[in-house]
Amino acid sequence: MECDETVFDETVRVLILGGTSESRALAAAVDGMPGIQTITSLAGRVADPILPVGQTRIGGFGGSDKLAVWLRDNGIDAVVDATHPFAATIGAHAERATRATGVALLVLTRPPWIPGEGDRWTSVASLPDAAASVTPGSRVFLTIGRQGVHHFAHVEDSWFLVRAIDPPTGPVPPRMTLLLDRGPFDTDHESTVLGDNRIDVVITKNSGGDMTRAKLDAARAASIPVLMVARPETSTSAQTVHEVDAAVAWLTNRLSGR
């Protein structure tokens, strides 16, 4: 009796550079799949991270050279960079480390948000540029996470509602309320936040994805302007995909090629 189930003699060991919903979805999608073993690495910047299924490691690697050593020592066959679109440093380290070791690299990243009809977005190149663009006396909804809040510490004549999972470290704006919360959020929730706090402007990074997009929909509905911090410029020779299914297909193709 013939069996149409493929049997693999080898296991593809995959390092997922994670910390995003996409990385967790990828780990879940291949969990238990014959021939694929994943290790998800988290940077350790969140005190209580949402852990993916499967094996995890927490903490940085110490640069591209040490990452290359780790890849060799742990027999890694493929790396999927599914980090946050603003995590440019680890992306560059992954590029150099995989090139040095001959390990295959895939980049899984969300498409950026694109303004639509009714959106009042102003694109700025950086967080310092965003801070310089704050109109004096305005009430600001700052949703950039805990890192980078220090760029707004010198803005003394505006009030900030800072939302983050963990409290920011370093200097903060003198007039600030901290809201500790974790998405996803829906539009009704975000409309309430904007209305109850009489928000004049939203400042956010162009992270993309659905988990935190509702604030943009709520801002459009209320005709509130948005200062959108553009993604850092990156360059990679690796294949890039935007969907978890495409990353799964890439991994299974590599497995069948073994």
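Attention here is on the structure that accompanies the text.

Cut-offs applied
Residues numbered from 1 in each chain as written. Predicted model: local features only at pLDDT ≥ 70, side-chain atom pairs only at ≥ 80, totals over all residues. Heavy atoms only, no water. Phe/Tyr/Trp six-rings, centres within 6.5 Å; stacked < 30°, edge-to-face > 60°. Buried < 20%, exposed > 50% of the residue type's maximum accessible area, 1.4 Å probe, protein only. Lys NZ or Arg CZ within 6 Å of the ring centre and 35° of its normal. Salt bridge = Lys/Arg side-chain N within 4 Å of Asp/Glu carboxyl O. Helix = DSSP H or I, 4+ residues; strand = E, 2+ residues; numbered from the N terminus.

Moving on, we get to the packing of aromatic side chains. Enumeration over the complete set of coordinates arrives at 2 aromatic pairs. Ring geometry for Phe61 and Trp70: centres 5.4 Å apart, planes at 70 degrees, overall edge-to-face. Take Phe61 and Trp70: they sit in the same class, and that class is buried. The residue whose ring lies beneath Arg139 is Trp159, and the NZ or CZ to ring-centre distance is 4.0 Å. Above the face of the Trp250 ring, Arg254 is positioned so that its terminal group lies 5.4 Å from the ring centre.

We now examine the pattern of salt bridges. For the structure shown, the criterion picks out 6 salt bridges. Between Glu22 and Arg110 there is a salt bridge, with its nearest N and O atoms 3.0 Å apart. Linking Glu22 in helix α1 (residues 21-30) with Arg110 in the loop between β5 (104-108) and β6 (121-124), this pair joins segments that are 88 residues apart in sequence. For the pair formed by Glu22 and Arg110, the shared burial category is buried. Residues Arg220 and Asp217 are paired through a salt bridge, measuring 3.5 Å at the closest nitrogen-oxygen approach. In this pair, Arg220 and Asp217 both sit in helix α6 (residues 214-221), 3 residues apart, roughly one turn of the helix. Note on Arg220: relative accessible area 28%, which makes it partly exposed.

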